[in-house]
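Each chain, letter by letter, is given below.
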Amino acid sequence: MTDETASPLPPPAVASNEPRTDFRIGEEFGTAKKNLPPLKIIGIGVAIIVVVWAIAAFLQRPRPTATGTIDEVVAVEIPNQHAVMVAINVAFQNNGAKPFWIQTIKADLQTTDNDYSADAASAVDLDRYYQAFPPLKQYAGTPLQRESKVDVGSQAKGTIVVSFPVTPEAFAARKMLRVTIQPYDQPMPLVLTK
């Protein structure tokens, strides 16, 4: 008995006089070695992109728009408080393309033991400090105030007063005194060091 539903047999192979080709299925779809450029060219391209990016980042980095100096510094001991009050005269010039509006003013002190930071006292309090500690007024100029505007190409001079919890000896032996003036609409503050 024969089964009619059985699948038919494949046709017999026909002999060919043509040479056989070596067929590999993996090569049909391609490989990274055959479809991508050489690794050396990719490395050179990546290196060029990195160099161009580094040059652009260097040229576009923010720069301070003002330059200045710390002039006179006078420190007075606050009795019985293990602290000093310091009057600092600063001068700077706005070299930027727009007005320099002062947002904050602070001073940092680095001693052999520690680092300290203090915001500048309000300009309305300076007269009281000068009365309580007359040596502070020795070199005092007009108070440098927050919210002040320094026009393009103009120069500003002024005095700030801060206090640090150190002895007069520690202040005199300081490693560094820095005044940072942060403008409102500019990314880089003006940093003055003495």
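Residues numbered from 1 in each chain as written. Predicted model: local features only at pLDDT ≥ 70, side-chain atom pairs only at ≥ 80, totals over all residues. Heavy atoms only, no water.

J.: Go over the pairing of strand β1 (residues 66-78), please, and point to the residues and values.
T.: Two strands pair when backbone bridges link them, and β1 and strand β2 (residues 83-94) are joined in this way by eleven bridges, in the antiparallel orientation. The residue bridging G68 from the neighbouring strand is F92, located in β2. From the end of β1 to the start of β2, which pair antiparallel, there are four residues, and N80 there has a positive phi angle of about 60 degrees. (Pairing = 2+ DSSP bridges. Helix = DSSP H or I, 4+ residues; strand = E, 2+ residues; numbered from the N terminus.)

J.: Lay out the packing of aromatic side chains in plain terms, naming residues and giving numbers.
T.: According to the stated counting rule, one finds one aromatic pair in the structure shown. Relative to F100, the ring of F92 has its centre 5.3 Å away and its plane inclined at 55 degrees; by these criteria the two rings are tilted. Note on F100: relative accessible area 1%, which makes it buried. If you follow R174 out to its NZ or CZ, it ends over the ring of F171, 4.5 Å from the centre. (Phe/Tyr/Trp six-rings, centres within 6.5 Å; stacked < 30°, edge-to-face > 60°. Buried < 20%, exposed > 50% of the residue type's maximum accessible area, 1.4 Å probe, protein only. Lys NZ or Arg CZ within 6 Å of the ring centre and 35° of its normal.)

J.: Any details on the sheet that holds β1? Residues and values, ideally.
T.: The three strands are arranged β1-β2-β6 in an open sheet whose pairing can be described as antiparallel. Each end of this open sheet is capped by a strand with a single partner; those strands are β1 and β6 (155-164). Averaged over all neighbouring strand pairs, the angle between strand axes comes to 15 degrees, with direction disregarded. Sheet topology places β2 next to β6; ten bridges connect them, and they run antiparallel. From the neighbouring strand, I88 faces β6, where its bridge partner is I160. (Axes fitted to C-alpha atoms, helices over the stretch in contact; angles between N-to-C directions.)

J.: Quick rundown of unusual backbone geometry? Include the residues and the values.
T.: A positive phi angle, near 60 degrees, is found at N80, a position not held by glycine. Here N80 is to be found in the loop between β1 and β2. Residue classification places N80 among the exposed positions, given a relative accessible area of 84%. Phi is positive for E147, which is not a glycine, with a value near 70 degrees. Within the fold, E147 resides in the loop between α4 (126-132) and β5 (149-150). Judged by its relative accessible area of 46%, E147 is partly exposed.

J.: Give me the pattern of salt bridges: which residues, what numbers.
T.: Summed over the entire model, instances satisfying the criterion amount to five salt bridges. Note that K98 and D185 form a salt bridge whose closest N and O atoms lie 3.8 Å from each other. With K98 in the loop between β2 and β3 (100-110) and D185 in the loop between β7 (176-183) and β8 (190-193), the pair connects residues that are 87 residues apart, well separated along the chain. Exposure remark for K98: the relative accessible area of 37% places this residue in the partly exposed category. (Salt bridge = Lys/Arg side-chain N within 4 Å of Asp/Glu carboxyl O.)

J.: Can you break down the pairing of β3 residue by residue, with the values?
T.: Bridging between β3 and β5 involves two bridges; their strand directions are antiparallel. Bridging from a neighbouring strand, F100 pairs with V150 of β5. Here β3 runs beside β7; their pairing, made up of eight bridges, is antiparallel. Paired with K106 across the strands is T180, a residue of β7. Strand direction decides the pairing type here: β3 and strand β4 (residues 115-119), joined by five bridges, are antiparallel. From the neighbouring strand, K106 faces β4, where its bridge partner is D119.

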